[in-house]
Amino acid sequence: MSVRPYRDILRRKSRQIMVGKVPVGGDAPITVQTMTNTLTADAAATIDQIRRAEEAGVDIIRVSCPDEDSTKALKSIVQAARVPVVADIHFHYKRAIEAAEAGAACLRINPGNIGSADRVREVVKAAKDHGCSMRIGVNAGSLEKDLLEKYGEPCPDAMVESALDHARILEDHDFREFKISVKASDVFLAVAAYQGLADACEYPLHIGITEAGALRTGTVKSSIGLGSLLWAGVGDTLRVSLSAEPEEEVRAGFEILKALGLRHRGVNIVSCPSCARQQFDVIRTVEALEKRVAHITTPMTVSVIGCVVNGPGEARETDIGFTGGGNGTHQVYVAGVPHHRLKDAGIVEHLAEMIEKKAAEIEAAKAAAGDAGAPRHAAE
Ligand code: SF4
């Protein structure tokens, strides 16, 4: 029995597949993906972009392979990447085979678009030979003509039917190492399609709201769509699709998972919106602190609150707390209890150093416990 049952999320039971060394589905952590937008043929630029996504914490990265130059470059990209690489193939079966040979961990391809059964057989054989999984990716904007005629417009049932049709082709070739996505830019359509698919099969689901928009609007849209699915236990891996740099997609993905308590990575800063009662500049302090501690990956919660109205209460739930006090004398809390006072100057640096020290302690404790025990407030 959970201490706080209102926070429990019961995950849908899905079968587990491997994307390279990263498990997807079953009880594996929900993974965060993004996609490069450099020319894949330009391996150096692509690897550079992958590095930035890796630093932001990406678990799996996807790279488009529209031509032979791309699949040629893929080999060095795969070797340089620290995370598994998914090759995005539109429909050309030869690119899929080349990508598998180049070491892609997963092929994003719809078997129904490949063409003849022989070609499907060849792609499945290449995937099996090279230990690749696959992703079937249905998109509301590119549904098959016969389904559009049958249903009149893109709708959840049409998307689920399309996904299951593609799945059946792979099952007929005795291949079950795949995940499925049914994306739409419309939140209602995407969520309903994923719910339908979640009920109709046991395959792991890659969730996303496609073409969600720019950084702010896309993050809000994705948070609503992915948030409601994840809260209902649906989704094994995700991508937040933004018209923004890949690392921004990764950060947004982690924030969604963190808000639901599904993953914990880095410093979670709880801060107040500030008002006339604030005893220091909350907005500027939090902005600077967030940047200053962005390099820390250890899960930790820190509260930065403008005054005593909510400061002590929030600090009680955090690893490190900070509350603005009168006459420029503020209160610092450690593990929920008052620890020491701080005069105005150097709030950001003072807190950052405390956070770094705490992160080092948590990591040392984890190492000593062989990762078995996790400190309070900081469990992954
Ligand atoms: S905690 Fe204090 S400063 Fe912050 S919003 Fe509330 S009353 Fe205002």
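Values in this document were obtained by computation on a predicted structure and should not be read as measured data. (Residues numbered from 1 in each chain as written. Predicted model: local features only at pLDDT ≥ 70, side-chain atom pairs only at ≥ 80, totals over all residues.)

Caption draft 1: Broad picture of the site of the ligand. Every residue lining the ligand is accounted for by Cys 272, Pro 273, Ser 274, Cys 275, Arg 277, Gln 278, Ile 305, Gly 306, Cys 307, Val 309 and Asn 310. For the shell around the ligand, the residue count by class is six nonpolar, four polar and one charged. (Near = placed C-beta within 6 Å. Nonpolar A, V, L, I, M, F, W, Y, C, P; charged D, E, K, R; others polar.)

Caption draft 2: Expanded view of the nonpolar core. By size, the foremost hydrophobic cluster in this structure holds 80 residues, and its most contacted members are Ala 87, Ala 96, Ala 99, Ala 104, Leu 107, Val 123 and Tyr 194. Discounting residues that sit within four places of it in the chain, Ala 99 has contacts with Cys 65, Thr 71, Leu 74, Ala 87, Ile 89, Ala 104 and Leu 107. Grouped together as the second largest cluster of nonpolar side chains are 19 residues, Val 282, Ile 320, Leu 351 and Ala 359 included. (Core = buried A, V, L, I, M, F, W, Y, C linked by C-beta atoms within 7 Å. Buried ≥ 20, exposed ≤ 12 C-beta atoms within 10 Å, placed from the backbone. Contact = placed C-beta atoms within 7 Å.)

Caption draft 3: Layout of the UniProt feature "domain: IspG TIM-barrel" (unreviewed entry) in the protein chain. UniProt annotation of "domain: IspG TIM-barrel" (unreviewed entry) refers to residues 14-253 when read in the numbering used here. With 46% helix and 17% strand, residues 14-253 has its two end C-alpha atoms placed 20 Å apart. (UniProt positions renumbered as here; feature names shortened; annotations may be inferred. Helix = DSSP H or I, 4+ residues; strand = E, 2+ residues; numbered from the N terminus.)

Caption draft 4: Up close: the domain arrangement of the protein chain. Taken domain by domain, the protein chain comprises domain 1 (5-259) and domain 2 (267-368). Taken over C-alpha atoms, the centre of domain 1 sits 38 Å from the centre of domain 2. (Domains from an automatic or database assignment.)

Caption draft 5: Highlighting helix H2 (residues 68-80). For H2, with 13 residues, the first-to-last C-alpha span of 19 Å sits near the 18 Å given by 1.5 Å per residue. Of all the bends in H2, the greatest, near 35°, is centred on Leu 74. By the burial criterion, the buried members of H2 are Ser 70, Thr 71, Ala 73, Leu 74 and Ile 77. Looking at the buried side of H2, the elements it contacts are helix H1 (43-55), strand S4 (60-64), strand S5 (85-88) and helix H3 (93-101). (Expected span 1.5 Å × (residues − 1). Bend = angle between axes of the 7 residues up to and from the residue.)

Caption draft 6: Just the sheet that holds strand S3 (residues 31-35), in detail. Ordered by their spatial adjacency, eight strands build an open sheet running S8-S7-S6-S5-S4-S3-S10-S9, and the pairing between neighbours is parallel. The sheet is open, and its two edges are formed by strand S8 (178-183) and strand S9 (206-207), each paired on a single side. Bridge count between S5 and strand S6 (residues 106-108): three bridges; the pairing is parallel. The residue bridging Asp 88 from the neighbouring strand is Arg 108, located in S6. Relative to strand S7 (residues 133-139), helix H6 (residues 156-172) is tilted by about 155°, and along the sheet it contacts S7 and S8. (Pairing = 2+ DSSP bridges. Axes fitted to C-alpha atoms, helices over the stretch in contact; angles between N-to-C directions.)

Caption draft 7: Molecular detail of the environment of Lys 343. Residue position: Lys 343 is located in strand S15 (residues 337-343). Among the residues examined, Lys 343 registers 12 C-beta atoms within 10 Å and is labelled exposed. If near-sequence neighbours (up to four positions away) are discounted, Lys 343 is found in contact with Gly 328 and Thr 329.

Caption draft 8: Broad picture of the packing of H1 against helix H9 (residues 246-259). One way to put it is that H1 packs onto H9 with a least axis distance of 8 Å and a crossing angle of 20°. In this view, H1 runs roughly parallel relative to H9, as classed from their interaxial angle. Crossing of H1 over H9 shows right-handed handedness. Only Pro 246, Glu 247 and Val 250 of H9 make contact with H1, whose side of the interface consists of Gln 49, Arg 52 and Ala 53. Of the residues belonging to the contact of H1 with H9, the class tally is three nonpolar, one polar and two charged. (Parallel < 35°, antiparallel > 145°, perpendicular 65-115°, else oblique. Left-handed = near helix turned anticlockwise from the far one by under 90°.)

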